[in-house]
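Next come the chains, spelled out residue by residue.
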Amino acid sequence: MSLSKDFEEFCDAIRPTNEKLEHWMNRAKRITKKLNKVYYDNDSNEDNMFIVGSVGRGTALKKLSDYDMIFDLPKEIYTTFDSYESNGQSALLQEIKKYIKEIYPNTKVRGD
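Residues numbered from 1 in each chain as written. Predicted model: local features only at pLDDT ≥ 70, side-chain atom pairs only at ≥ 80, totals over all residues. Heavy atoms only, no water.

Draft legend 1. A look at the nonpolar core. Within the largest apolar cluster, 13 residues are counted, with the highest numbers of intra-cluster contacts made by Ile31, Leu35, Tyr39, Ile96 and Ile100. When residues of this core are traced back to their parent elements, those giving at least two are α2 (18–40), α4 (75–82) and α5 (88–103). Of all the elements, α5 adds the most residues to this core, at 5 residues. Setting aside residues no more than four positions away along its own chain, Leu35 makes contact with Tyr40, Phe71, Ile96 and Tyr99. Met49, Val55, Ala60 and Tyr67 belong to the second-largest nonpolar core, a separate cluster that totals 7 residues. (Core = buried A, V, L, I, M, F, W, Y, C linked by side-chain atoms within 4.5 Å. Buried < 20%, exposed > 50% of the residue type's maximum accessible area, 1.4 Å probe, protein only. Helix = DSSP H or I, 4+ residues; strand = E, 2+ residues; numbered from the N terminus. Contact = heavy atoms within 4.5 Å.)

So, in structure tokens, the structure goes:
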């Protein structure tokens, strides 16, 4: 065997399966659809969502335990929470957490 073939096999062995990536993508799409409905009044499961972190970079490992995503909120939502005298960002995370818990009531959801 050649070094390049060995390296290719090694990479394949540590890469998450397509099924695992699809599982996480379906979760991200359900969350995105909910947030788009709440904040944009549309049913898209892809608009305003960006996959970042190791999955977004294509460097995720087989033992993938989370999926990092960014959801682009309307400017007026930012303005509302930014105008809080204190803890505006925390209040925003709690609001988002509430909507995620509506979809996944039995899942531990943390805002970070």
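This is not the end of the story, as more comes after the structure.
Draft legend 2. The packing of aromatic side chains, seen in detail. Following the criterion strictly, the structure yields 5 aromatic pairs and no others. An angle of 35° between the planes, with centres 6.3 Å apart, marks the rings of Phe7 and Phe10 as tilted. Of this pair, Phe7 and Phe10 both sit in helix α1 (residues 3–14), 3 residues apart, which is roughly one turn of the helix. By relative accessible area, which is 53% here, Phe7 ends up exposed. Centre to centre, the rings of Tyr40 and Phe71 are 6.2 Å apart; their planes meet at 65°, and the pair counts as edge-to-face. A residue pair is termed long-range when its members are at least 10 positions apart, and Tyr40 in helix α2 and Phe71 in strand β2 (residues 69–71) qualify at 31 residues. A residue is classified by how much of its surface remains accessible, and Tyr40, at 29% relative accessible area, is partly exposed. Among the residues examined, Phe71 registers a relative accessible area of 15% and is labelled buried. (Phe/Tyr/Trp six-rings, centres within 6.5 Å; stacked < 30°, edge-to-face > 60°.)

Draft legend 3. Molecular detail of the pattern of salt bridges. The full count for this structure, using the stated rule, is 5 salt bridges. Between Arg15 and Asp12 there is a salt bridge whose closest N-O contact spans 2.7 Å. The exposure class of Arg15 is partly exposed, given its relative accessible area of 43%. Across the pair Lys37 and Asp43 runs a salt bridge whose closest N-O atoms are separated by 3.8 Å. (Salt bridge = Lys/Arg side-chain N within 4 Å of Asp/Glu carboxyl O.)

Draft legend 4. Summary view of the side chain of Ser44. Positionally, Ser44 belongs in the loop between α2 and β1 (49–51). A relative accessible area of 17% means that Ser44 is categorised as buried. Within the structure, the side chain of Ser44 is placed 2.8 Å from the backbone nitrogen of Asp47, a separation counted as a polar contact. Here Ser44 is in contact with Thr32, Lys33 and Asn36, once residues within four sequence places are set aside. (Polar contact = N/O pair within 3.5 Å; in protein donor to acceptor, adjacent residues only side chain to side chain.)

Draft legend 5. Region of the structure containing the confidence of the model for the chain. In this model, the chain carries a mean pLDDT of 90, and residues with pLDDT of at least 70 account for 97%. At the level of individual helices and strands, the chain shows its lowest average pLDDT in helix α3 (residues 53–57), which scores 86, and its highest in β1, which scores 95. (pLDDT = per-residue confidence, 0-100.)

Draft legend 6. Broad picture of α5. Between its first and last C-alpha, α5 extends 24 Å over 16 residues, near the 22 Å set by a 1.5 Å rise per residue. For α5, the complete set of buried residues consists of Gly88, Leu92, Ile96, Tyr99, Ile100 and Ile103. Considered in projection along α5, the buried side chains sweep an arc of 115° and stay on one side of the axis. At its buried positions, α5 is contacted by α2 and α4. (Expected span 1.5 Å × (residues − 1). Arc of directions from axis to C-beta.)

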